[in-house]
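Inside the fold
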Amino acid sequence: MDGQDRHFSAALRAASTTRDVRIAAGNLGALPAVLLQAAPAQRYLIVADAHTWTAAGVRVAVMLAATGMAAGDPVVLTGQPRVKASAETARDLATVLKSTAALPIAVGSGVINDLVKYAAELADTSYVSVPTAASMDGYAASGAALREGGFKRTFACAAPVAIVADLDVIATAPAAMAGWGYGDLMGKLVAGADWIMADALGVEALNPGPFAMVQDNLAAWLGNPSGVRQGDRAALDGLMRGLIMAGLAMQAHGNSRPASGSDHQFAHLWEMEEIAVGGVPVSHGACVGVGCLSMLAAYEWLLRQDLSRIAPAELAARTPSPDALRAEVMASFPLPFMAANAWIETEAKAVGPTVVEERLKALQKNWPRISARLRQSLPAVETVRRWLDEAGAPSSAAALGISSTKHAQDYARARLIRRRFTGLDVLHDLGWLGAAVAQSGAVT
Ligand SMILES: [Zn+2]
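Cut-offs and rules
Residues numbered from 1 in each chain as written. Predicted model: local features only at pLDDT ≥ 70, side-chain atom pairs only at ≥ 80, totals over all residues. Heavy atoms only, no water. Helix = DSSP H or I, 4+ residues; strand = E, 2+ residues; numbered from the N terminus. Rg over C-alpha atoms; globule rule 2.2 N^0.38 Å. Buried < 20%, exposed > 50% of the residue type's maximum accessible area, 1.4 Å probe, protein only. Contact = heavy atoms within 4.5 Å. Areas by Shrake-Rupley, 256 points an atom, 1.4 Å probe, with all protein chains shown as cover. Lys, Arg positive; Asp, Glu negative; His and termini not counted. Charge placed at Lys NZ, Arg CZ, Asp CG, Glu CD. Phe/Tyr/Trp six-rings, centres within 6.5 Å; stacked < 30°, edge-to-face > 60°. Lys NZ or Arg CZ within 6 Å of the ring centre and 35° of its normal. Core = buried A, V, L, I, M, F, W, Y, C linked by side-chain atoms within 4.5 Å. Pairing = 2+ DSSP bridges. Axes fitted to C-alpha atoms, helices over the stretch in contact; angles between N-to-C directions. Donors = N, O, S within 2.8 Å, 3.2 Å for Na, K, Ca; no water. Salt bridge = Lys/Arg side-chain N within 4 Å of Asp/Glu carboxyl O. Parallel < 35°, antiparallel > 145°, perpendicular 65-115°, else oblique. Left-handed = near helix turned anticlockwise from the far one by under 90°. Nonpolar A, V, L, I, M, F, W, Y, C, P; charged D, E, K, R; others polar. Right-handed = clockwise from strand over helix to strand, strands pointing away.

The next point concerns the overall build of the chain. A tally of helices and strands in the chain yields 22 helices and 10 strands. Taken against the 2.2 N^0.38 rule, which gives 22 Å for 444 residues, the C-alpha radius of gyration of the chain at 22 Å falls within 12% of a compact globule. Each of the 444 residues in the chain was classed as buried or not, and the buried ones make up 54%. In the chain, the share of contacts with a sequence separation of at least 24, taken over all contacts with a separation of at least 6, comes to 79%. For the chain, the computed accessible surface area is about 17,800 Å², with 54% contributed by carbon and sulfur atoms. Taking the 38 positively charged and 40 negatively charged side chains of the chain as two groups, their mean positions are separated by 1 Å.

See below:
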């Protein structure tokens, strides 16, 4: 057992649901044994789409038949131009699962995994994941992001009991998909920095185990971006380990804090707005990668400032009243559903001037320690931009079809759409959010 495997064994012990994770080239043949051990059932049901059925589903079906494991007719989902992550589809799938009393095997990437995860929850069964692309970090996560009535939201549901990730299968996915996953993993740099800030300011304590699960090996997992693009097995191994570990860390912590910070707030904003390039919706991971760059530039700017000179009481006196805050939220989101949702989230984290003053005093007092830790953990924004380029992932807001005016405004808007306290809130409380955007060089 090498260091990475030990790391994974510890993570599996801490995880709430997932019991077995296999990541290796050519390991799909291990699936029947994994099923017998971690997901014993009278009957299995393969769920795939047309692409993932060809990539791995058909082999899974042959293996189950060869080992005498009962499996009904597979469900191969179709959609134009592709299968959509809708709650309605998951409910239909749950009806099939209930009528066949089968344990589902999700052969696919983000959409298939989320559909099966929620369907399994509704049918009161566990499920197994066979990833077909290193495209996002949701494989081992609890919760599924699905659309209902046009709006995307996260449905509570359990993670898979087992994951068998064959890197030979994953390498056959379109190269752009690994770039998305690389962007999603890159975001963990900022998620870690945000948690360090929230902890130091007394807002939300850092949970050392889940924090370390993601942060300790992050540099190594991200270390071969051109290999990711080329389908190099070692590079995909690191990427896949990182993405799955992020899910296990969320299971261990009980929410997404270990894997999602202000980087994801930009992504959620842009996904809700359904930004698209040439009519094609921009992927989650591509948004996270650019959100990560946006925040790294802001953190770099903050690290150049002199916090010994701030006046916490004066700054805290500028804290907006609830009415003023509500007016800012309403003016920031023309779409009514986004404004309503943003107000719920913003109100949940709003505090008065006394608390803001305490936080700013803590920031000032602890800044030498916090800034040293951030300098140590955050690579330079230009380095990260190069890595994203090498991985084949978008590396600017312009590449996502976002204008510089919108990008600049979205720092303030991203802060308002989630209750999670991040570097965006720190910059806001310092009265520096505008200056950071204008002077950081992030918006060009
Ligand atoms: Zn993500």
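Further notes follow.
So, on to the packing of aromatic side chains. A complete count under the given rule lists five aromatic pairs for this structure. Ring centres 5.0 Å apart and planes at 85° place the aromatic pair Phe-266 and Tyr-411 in the edge-to-face group. With Phe-266 in helix 13 (residues 262-272) and Tyr-411 in helix 20 (residues 404-416), the pair connects residues that are 145 residues apart, well separated along the chain. As far as the burial class goes, Phe-266 and Tyr-411 line up, both buried. The ring centre of Phe-155 lies 4.0 Å from the NZ or CZ of Arg-153, which sits over that ring. When the ring centre of Phe-8 is taken as reference, the NZ or CZ atom of Arg-241 above it lies at 5.4 Å.

Core analysis: the largest hydrophobic core is formed by 105 residues, its most contacted members being Leu-248, Leu-363 and Leu-374. Here this core takes 14 residues from helix 14 (residues 284-303), the largest share from any one element. The residues contacting Leu-374, other than those within four sequence positions of it, are Ala-193, Ile-196, Met-197, Tyr-299, Leu-303 and Trp-367. Ranked by size, the runner-up nonpolar core spans 25 residues in total, among them Ala-87, Ile-112, Tyr-118 and Ala-144.

If you walk across this open sheet you meet the six strands as 1-8-5-4-2-3, and the pairing is parallel. The open sheet has two free edges, formed respectively by strand 1 (20-24) and strand 3 (75-77), since each of these has just one partner strand. Here the strands of the sheet are splayed against their neighbours by 15° on average, with no regard to which way each runs. Pairing geometry for strand 2 (residues 44-49) and strand 3, over three bridges, is parallel. From the neighbouring strand, Val-47 faces strand 3, where its bridge partner is Val-75. The sheet strands contacting helix 3 (residues 50-66) are strand 2, strand 3, strand 4 (103-108) and strand 8 (162-166), and the helix crosses strand 2 at an angle near 160°. Seen against the sheet, helix 12 (residues 233-253) touches strand 1, strand 5 (128-131) and strand 8 and runs at an angle of roughly 160° to strand 1.

Attention now goes to the environment of Lys-188. Assignment of secondary structure puts Lys-188 in helix 8 (residues 188-200). Using a relative accessible area of 0% as the deciding quantity, one classes Lys-188 as buried. The spatial distance from the C-alpha of Lys-188 to the C-alpha of Gly-261 is 7.7 Å, given a sequence separation of 73 residues. Dropping the residues within four chain positions of it, Lys-188 is found in contact with Asp-137, Val-214, Gln-215, Leu-218, Ala-246, Ala-259 and His-264.

Before going further, it helps to spend a moment on the coordination of the zinc ion. Of the protein atoms, only Asp-184 (OD), His-264 (NE2) and His-284 (NE2) coordinate the zinc ion, at distances of 2.1 to 2.3 Å. The sequence motif formed by the donor residues of the zinc ion is D-x79-H-x19-H. Of this pair, Asp-184 sits in helix 7 (residues 175-186) while His-264 sits in helix 13, placing them 80 residues apart in sequence.

So, on to the pattern of salt bridges. In total, this model carries 19 salt bridges according to the counting rule given. With a shortest N-O distance of 2.6 Å, Arg-91 and Glu-148 are connected by a salt bridge. Here the residue Arg-91 occupies a position in helix 4 (residues 87-100), and Glu-148 occupies one in strand 6 (residues 144-148), the gap between them amounting to 57 residues. Overall, Arg-91 belongs to the partly exposed group, its relative accessible area being 33%. The partly exposed category is assigned to Glu-148, whose relative accessible area is 28%. Residue Glu-204 is joined to Arg-257 by a salt bridge in which the shortest nitrogen-to-oxygen separation is 2.9 Å. A residue pair is termed long-range when its members are at least 10 positions apart, and Glu-204 in the loop between helix 8 and helix 9 (208-215) and Arg-257 in the loop between helix 12 and helix 13 qualify at 53 residues. Glu-204 gets classed as partly exposed once you look at its relative accessible area, which sits at 23%. One connected set of salt bridges, linked through shared partners, spans Glu-273, Lys-406, Asp-410 and Arg-413.

Let us look at the packing of helix 7 against helix 12. At a minimum axis separation of 10 Å, helix 7 and helix 12 run at an interaxial angle of 50°. Classified by the angle their axes make, helix 7 and helix 12 are oblique. Viewed along their axes, helix 7 and helix 12 form a crossing whose handedness is left-handed. Side by side, helix 7 and helix 12 meet where Ala-178, Gly-181, Tyr-182, Asp-184 and Leu-185 of the first sit next to Leu-236, Leu-239, Gly-242 and Leu-243 of the second. The residue inventory of the contact of helix 7 with helix 12, partitioned by class, reads six nonpolar, two polar and one charged.

What follows covers unusual backbone geometry. With the exception of glycine, most residues fall at negative phi, and the peptide bonds are largely trans. Positive phi outside glycine occurs at Asp-124, with the angle close to 60°. Residue Asp-124 is classed as exposed on the basis of its relative accessible area of 72%. Unlike most non-glycine residues, Glu-274 shows phi in positive territory, near 55°.

All right, on to the pairing of strand 2 then. Most of strand 2 sits out of view: six of its six residues are buried. Across the two faces of strand 2 the burial is the same, with Tyr-44, Ile-46 and Ala-48 and Leu-45, Val-47 and Asp-49 all buried. In terms of strand pairing, strand 2 meets strand 4 through four bridges, oriented parallel. Counterpart to Leu-45 in the pairing with strand 4 is Pro-104. Where the polypeptide runs from strand 2 across helix 3 and back to strand 3, its parallel neighbour, the crossover connection is right-handed.

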